[in-house]
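The lines below spell out each chain.
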Amino acid sequence: MTKSLWPTGENTDVLIEAARKGDADAVNQLLDRHRGPIRRLVEVRLDRKVQRRVDVSDVVQDVLTEASGRLQKYLDDPVMAFHLWLRQIAWDHIIDTYRRHRVSAKRNMDREQPIAGGGGAVDESSVDLAIQLCDPAMTPAAIATQREIASQVEAAIQKLDEGDREVILMRHYEHLSNLEIAEVLNLNPPAASMRYLRAVRRLKQVLEDEQNDFHPVDDDQD
């Protein structure tokens, strides 16, 4: 399984405690430790067309600047895990960047949460998900095959409703755990798990329907 976008271990907790005590160097280390993960999140979740028009590094810097300004408030009242707090700030900037650069889009930009791709990360996640959904024994070796599978999965995800799409993206593209998804969505873990399982069933159905449309059954066959 692909590991989480976010750093793990006790270092973050140590830095948070030091920052709470006023250690400015710890603050810098804490934010810098998450710069890479924030960048990967922006690359994964910000629309590809928008990424051609904006510098991802600028978005990342805006996220870190806002996080720095709000850090003391978080330290005084940590309402969620630190990386999920950063994720929320980043997500707000992703949505804002999308709105500003796709202002001419006809679809409701609040509801559209497109898959993007940074350095092939999304393709890899799409292939992994396709293997789980379609055939656990499948081992796509050719790059062309991988891209075809990735394209099919991404297209199917876009056909899901907003709730189903979001939980799939968080689990398989951001690699958040069920507990983290529950916290982000303000659900209890069993409810988050059920929402994910329903979304997977619906995604699998969309893929099966597309395959049936592509390979229709000939009713005239004996």
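Just so it is clear, the model here is predicted, and its values are computed rather than measured.

How each quantity is defined
Residues numbered from 1 in each chain as written. Predicted model: local features only at pLDDT ≥ 70, side-chain atom pairs only at ≥ 80, totals over all residues. Heavy atoms only, no water. Phe/Tyr/Trp six-rings, centres within 6.5 Å; stacked < 30°, edge-to-face > 60°. Lys NZ or Arg CZ within 6 Å of the ring centre and 35° of its normal. Helix = DSSP H or I, 4+ residues; strand = E, 2+ residues; numbered from the N terminus. Contact = heavy atoms within 4.5 Å. Core = buried A, V, L, I, M, F, W, Y, C linked by side-chain atoms within 4.5 Å. Buried < 20%, exposed > 50% of the residue type's maximum accessible area, 1.4 Å probe, protein only. Polar contact = N/O pair within 3.5 Å; in protein donor to acceptor, adjacent residues only side chain to side chain.

Chemist: Summarise the packing of aromatic side chains; cite the residues concerned and give the values.
Modeler: For the structure shown, the criterion picks out three aromatic pairs. Here the aromatic residues Tyr74, Phe82 and Trp85 are joined through ring pairs into a cluster of three or more. Across from the ring centre of Trp91, 5.9 Å away, lies the NZ or CZ of Arg87, which sits over that ring. Between Arg171 and the ring centre of Tyr196, over which it is positioned, the NZ or CZ distance is 4.0 Å.

Chemist: Give a description of the environment of Ala199 that names residues and reports values.
Modeler: Checked against the element boundaries, Ala199 lands in helix α11 (residues 189-214). Sequence spacing of Ala199 and Asp161 is 38 residues, and the spatial spacing of their C-alpha atoms is 9.1 Å. Ignoring anything within four residues of it in the chain, the contact list for Ala199 reads Asp164, Val167 and Ile168.

Chemist: I'd like a description of the nonpolar core, backed by residues and values.
Modeler: In this structure, Ile38, Phe82, Ile168 and Leu203 are the most contacted members of the largest nonpolar core, which totals 55 residues. For this core, the element with the most residues is helix α6 (residues 82-101), which contributes 10 residues. Apart from the residues within four sequence positions on either side, Leu203 is in contact with Leu129, Leu133, Ala156, Ile157, Leu160 and Ile168.

Chemist: Provide a residue-level description of the environment of Phe82, including the pertinent values.
Modeler: Position of Phe82 relative to the elements: it lies in helix α6. The spatial distance from the C-alpha of Phe82 to the C-alpha of Leu30 is 9.9 Å, given a sequence separation of 52 residues. Those residues within four positions of Phe82 in sequence are excluded, and the remaining contacts are Thr12, Ile16, Leu30, Leu31, His34, Leu71 and Tyr74.

Chemist: Residue-level account of the environment of Val63, with values.
Modeler: Among the structural elements, Val63 can be located in helix α5 (residues 56-76). For the pair Val63 and Ile38, spaced 25 residues apart in sequence, the C-alpha to C-alpha distance is 8.1 Å. If near-sequence neighbours (up to four positions away) are discounted, Val63 is found in contact with Ile38, Leu86, Ile89, Ala90 and His93.

Chemist: Explain the side chain of Glu174 to me, using residue names and the numbers behind them.
Modeler: Its place among the elements puts Glu174 in the loop between α9 (162-172) and α10 (178-185). On the basis of relative accessible area, Glu174 is assigned to the buried category, the value being 0%. There is a polar contact of 2.5 Å between the side chain of Glu174 and the side chain of Arg45. Once residues lying within four places of it in the same chain are set aside, the contact partners of Glu174 are Leu5, Leu41, Arg45, Arg87 and Leu169.

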